[in-house]
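Now for the letters of each chain:
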Amino acid sequence: MKKILPEIAVLTICGALGILLAMGLGFGIFWKTLEPIAFMNVFAAEFPYFILPTVLMLQPALISSIALFIRFKNEKEIRKTWLYVMSGMIAAFVITSAYHLPVNLGFIQLKYTAEEITTLLNIWLLLHWVRFAAVFVAAVFALKGFRQINQVV
Amino acid sequence: MKNTISIIAILSIGAFAGNMINIGLSHAMYWQSLEPLDFMKFFKIDFPLLLQPTAATLLPAF
């Protein structure tokens with residue numbers, strides 16, 4: 001159990017990184033090529049399919065990083081590393097919950113005008129790369145944390 | 001240097017796995033919901049977009 005949790009953390013954080021990269025480079029570029037209303041229709045059809053892989057990776061990544069931060073409360077260096085990991089994952093989670101999720105739901109309900117869509121999509125993509133950067137930093141620190149744990153346990 | 005290569009290898013293998021999960025659970029499930037001909041039309045658009053993230057994760061992993 002001691003070793004499984006750091007493994008789950010590293011795997012799911014790196015997996016989340018891959019999913020975010022695929023979303024940004026795959027879907028993101030495609031969406032930008034579409035007319036605003038056409039984009040909203042495509043998005044409404046595709047969005048339900050994004051949820052499963054995203055939740056499957058982001059949720060265990062977030063939970064495991066918090067769990068490891070709490071678990072190593074007596075190991076100052078390890079705790080510090082997992083604090084960075086946890087902060088990156090929380091930042092990604094907050095950005096997703098505060099911006100992406102409500103805007104996504106708006107896209108599904110087809111409730112925006114063409115002008116609004118263009119602005120919202122640009123911000124969507126910008127914040128997407130911000131959350132990607134946060135998860136990337138978390139992934140690098142997760143690898144460091146994984147090695148620190150292996151040296152102690 | 002060794003450390004950096006190890007980090008790049010692990011990150012990109014993990015990210016590649018995430019990319020594959022994304023293709024399997026997101027794209028493929030959407031494709032299956034389409035009619036065969038619609039799927040083929042959509043795949044023509046979708047395929048080039050899948051290449052970039054796949055190459056960006058698979059190449060450094062390899």
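Below or above, wherever it landed, is the structure these notes cover.

Here we take up the overall build of chain A. Helices and strands together make up the secondary structure of chain A, namely four helices and zero strands. Put simply, chain A runs from its N terminus to its C terminus through helices and strands in the order α-α-α-α. Seen through its principal axes, chain A has C-alpha atoms that stretch 55 × 20 × 20 Å. Looking at chain A residue by residue over its 153 residues, the buried ones come to 38%.

The next point concerns the interface of chain A and chain B. Contacts between the two partners involve 24 residues from chain A, matched on the other side by 22 residues from chain B. Of all the secondary-structure elements, those providing two or more residues to the side of chain A that touches chain B are helix H1 (4-33), helix H2 (36-71) and helix H4 (114-152) of chain A. The leading source of residues in the side of chain A that touches chain B is H1(A), at 14 residues. When its residues are assigned to classes, the side of chain A that touches chain B shows 20 nonpolar, three polar and one charged.

We now examine the nonpolar core. Membership of the largest hydrophobic core comes to 50 residues, with the highest contact counts inside it found for Ile13(A), Ala16(A), Leu17(A), Val135(A), Ala138(A), Ala139(A) and Ala142(A). At the level of secondary structure, the elements contributing two or more residues to this core comprise H1, H2, helix H3 (76-108) and H4 of chain A together with helix H1 (2-33) of chain B. Looking at this core, the element that brings in the most residues is H1(A), giving 15 residues. In contact with Ala142(A), not counting residues within four places along its chain, are Ala9(A), Val10(A), Ile13(A) and Val85(A).

With that settled, consider unusual backbone geometry. Even without being glycine, Leu110(A) reaches a positive phi, approximately 55°. Note on placement: Leu110(A) falls in the loop between H3 and H4.

What follows is about the environment of Ala92(A). Residue and element names in this part refer to chain A. Mapped onto the fold, Ala-92 is located in helix H3. Along the backbone, Ala-92 and Leu-58 are 34 residues apart, and their C-alpha atoms lie at a distance of 8.8 Å. Among residues more than four places away in sequence, those in contact with Ala-92 are Arg-131, Ala-134 and Val-135.

Calculation notes
- Residues numbered from 1 in each chain as written.
- Chains lettered and ligands numbered in written order.
- Predicted model: local features only at pLDDT ≥ 70, side-chain atom pairs only at ≥ 80, totals over all residues.
- Helix = DSSP H or I, 4+ residues; strand = E, 2+ residues; numbered from the N terminus.
- Buried ≥ 20, exposed ≤ 12 C-beta atoms within 10 Å, placed from the backbone.
- Contact = placed C-beta atoms within 7 Å.
- Nonpolar A, V, L, I, M, F, W, Y, C, P; charged D, E, K, R; others polar.
- Core = buried A, V, L, I, M, F, W, Y, C linked by C-beta atoms within 7 Å.

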